[in-house]
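Analysis of the macromolecular model
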Amino acid sequence: MSDVKVRFAPSPTGNLHVGNLRTALVNYLFAQRMGGHFMLRIDDTDTDRSTPEFEASIRADLNWMGMKWDSEDRQSERLDRYDAALADLVAAGRAYACYETPEELALKRKAQLSAGRPPVYDRAALKLTDDQKAAFEAEGRRPHWRFLLEDTDVKWTDMVRGDVSYHMSSLSDPVLMREDGRVIYTMASVVDDIDHGITHIIRGEDHVTNSAAQIQLFEALGATAPKMGHVALLAGADGEGLSKRLGSLSIAQLRDEGMEPSALASLLARIGTSDPVVPQVSLSDVVDGFDLSRFGRATAKFDPDELGQVNARVVQQLGFEAVAERLGEMKVDGGAAFWVAVRDNLSTVVEAGDWWQVCTQTITPEIEDQAVTDAAADLLPEGELQADIWGAWTKAVAAATGVKGRGLFMPLRLALTGRRTGPEIAPLLAFMGRDRILARLRGEAA
Ligand code: GLU
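In short, a report on the structure. (Residues numbered from 1 in each chain as written. Predicted model: local features only at pLDDT ≥ 70, side-chain atom pairs only at ≥ 80, totals over all residues. Heavy atoms only, no water.)

A look at the pattern of salt bridges
For clarity, the threshold we go by: Should a side-chain nitrogen of Lys or Arg be within 4 Å of a carboxyl oxygen of Asp or Glu, the pair is scored as a salt bridge. Only DSSP runs of H or I covering at least 4 residues are called helices, and only runs of E covering at least 2 are called strands; the numbering of each starts at the N terminus. When accessible area is computed with a 1.4 Å probe and restricted to protein chains, residues below 20% of their type maximum are described as buried, those above 50% as exposed, and intermediate ones as partly exposed.
Applying the stated criterion across every chain, the model contains 30 salt bridges. Across the salt bridge formed by D192 and R78, the nearest N and O atoms sit 2.7 Å from each other. With D192 in helix α6 (residues 185–195) and R78 in the loop between β3 (71–74) and α3 (79–91), the pair connects residues that are 114 residues apart, well separated along the chain. Across the pair, R78 and D192 agree in class, each one buried. E137 serves as the salt-bridge partner of R142, at 3.1 Å between the closest nitrogen and oxygen. Looking at R142, the relative accessible area reads 47%, which means it is partly exposed. According to the relative accessible area criterion, E137 is partly exposed, its value standing at 30%.

Re the sheet that holds strand β5 (residues 144–147)
Note the threshold: Criterion used throughout: strands pair if DSSP finds at least two bridges between them. Whenever a helix is involved, its axis is fitted only over the stretch in contact; in every case the axis is a line through C-alpha atoms, and angles between N-to-C directions fall within 0 to 180 degrees.
Pairing within the open sheet is antiparallel, and its three strands lie in the order β4-β5-β8. Edge strands, defined here as strands with exactly one partner in the open sheet, are β4 (95–98) and β8 (175–177). Strand after strand, the sheet turns through a mean of 40° between neighbouring axes, direction not considered. The pairing of β4 with β5 spans four bridges and is classified as antiparallel. Paired with A97 across the bridge in β5 is W145.

Description of the site of the ligand
Selection criterion: If even one non-hydrogen atom of a residue comes within 4 Å of a molecule or strand, that residue is called near it. In protein, a polar contact requires one atom able to donate a hydrogen and another able to accept it; more generally it is a pair of N or O atoms within 3.5 Å, and residues adjacent in sequence count only if both atoms are side-chain atoms. Residue exposure ignores everything except the shown protein chains as possible cover, and the areas themselves are Shrake-Rupley values with a 1.4 Å probe.
Residues in contact with the ligand, as listed here, are R7, A9, S11, D43, Y185, S189, R203 and H207. A distance of 2.7 Å separates an oxygen atom of the ligand from a polar side-chain atom of R203. The contact in question runs from an oxygen atom of the ligand to an N or O atom on the side chain of H207, over 3.0 Å. Bound to the protein, the ligand loses 77% of the 290 Å² it would expose on its own.

Next comes the structure, spelled out in structure tokens:
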């Protein structure tokens, strides 16, 4: 293993959607590609909104994708580490106690905005005397704690965005801990990344501002910031931000719609790069083609229709062994022969079940040209109904009726399947069986 160590750090306050699944995937693929370590960190300090159910669903989604993590940790078990870090920062003069209430802060912001100034925290708390602090405490106020930013330009070479320079005077000193003693993500994440030896932080570009402040925090805590990479956020196909529907589209929904994990991975690993999407049947193949340096700053467009197309191309490449269990659950027991007969026509694996029903359950045939279907019934060869009878059979029907091409094949399809489109019929005959074929050609439900 190399010393590369990355983490995916979901907050269990909701289900994963395509955007955060992509962040997970990019970290996973990067780790695999570099022979590194992929960690799952549960950011569960928001005790009001974190639930065990969301956490379970996040784990289920990662497992379904096949993204195994090498280790895991959770923030709620590390609270003493955050207290210790805060104490260090206070001792170093980099964290300070503030007593403003949310209402007071809101008023300040309003006043700044109406005076045309940016709503940056004015550091009034830095000027409080010990007596004033004692008076607040006596009133029952508890302090919240802020990090004292250094008024410099924070610079880093971002793995995705290239050279970034962030002017810190435009930022408020970030709050590290609330008055009730609950830690804020900004500090918890840095403490974790230090303790876990994270070498690369890869996340969405909505974290760029956090990163600027966190780089100073890493340094204030005596560490060096990991390398950073901020991938562009997902947008809908029209280039606008993800619509409400797409933004909240859960991975479970995509799974229920029949999307294959490797189709999702194939797409999410390539949108936002200028490389073509290559439908891969396994995650390890996606790893092989992964290159973080190909990601650019342009928003990555996520188009559910494109996912559907990639999925169809994945399904059409899946071997029988990859689907045997699912076919079994659907009571499709035509073995590999049936799978191979239908798969080129499928968009999802579940659709194989529909074709199994068409072959083995009663359908209502549609008789479009009775002369053709009657002749076909009369001329159906004796013996086994292997696919290779199709050529001679349809030739005989053509000879008997004088009908060829679409005029011949569409009536046969409509009679035998009740549908206008579908897989090649020849290999399905064996699954339909002689009685059903004859009855359908005669126009009887069978
Ligand atoms: N829990 C944070 C989030 O979901 C993690 C961000 C990070 O990767 O540091 O936004």
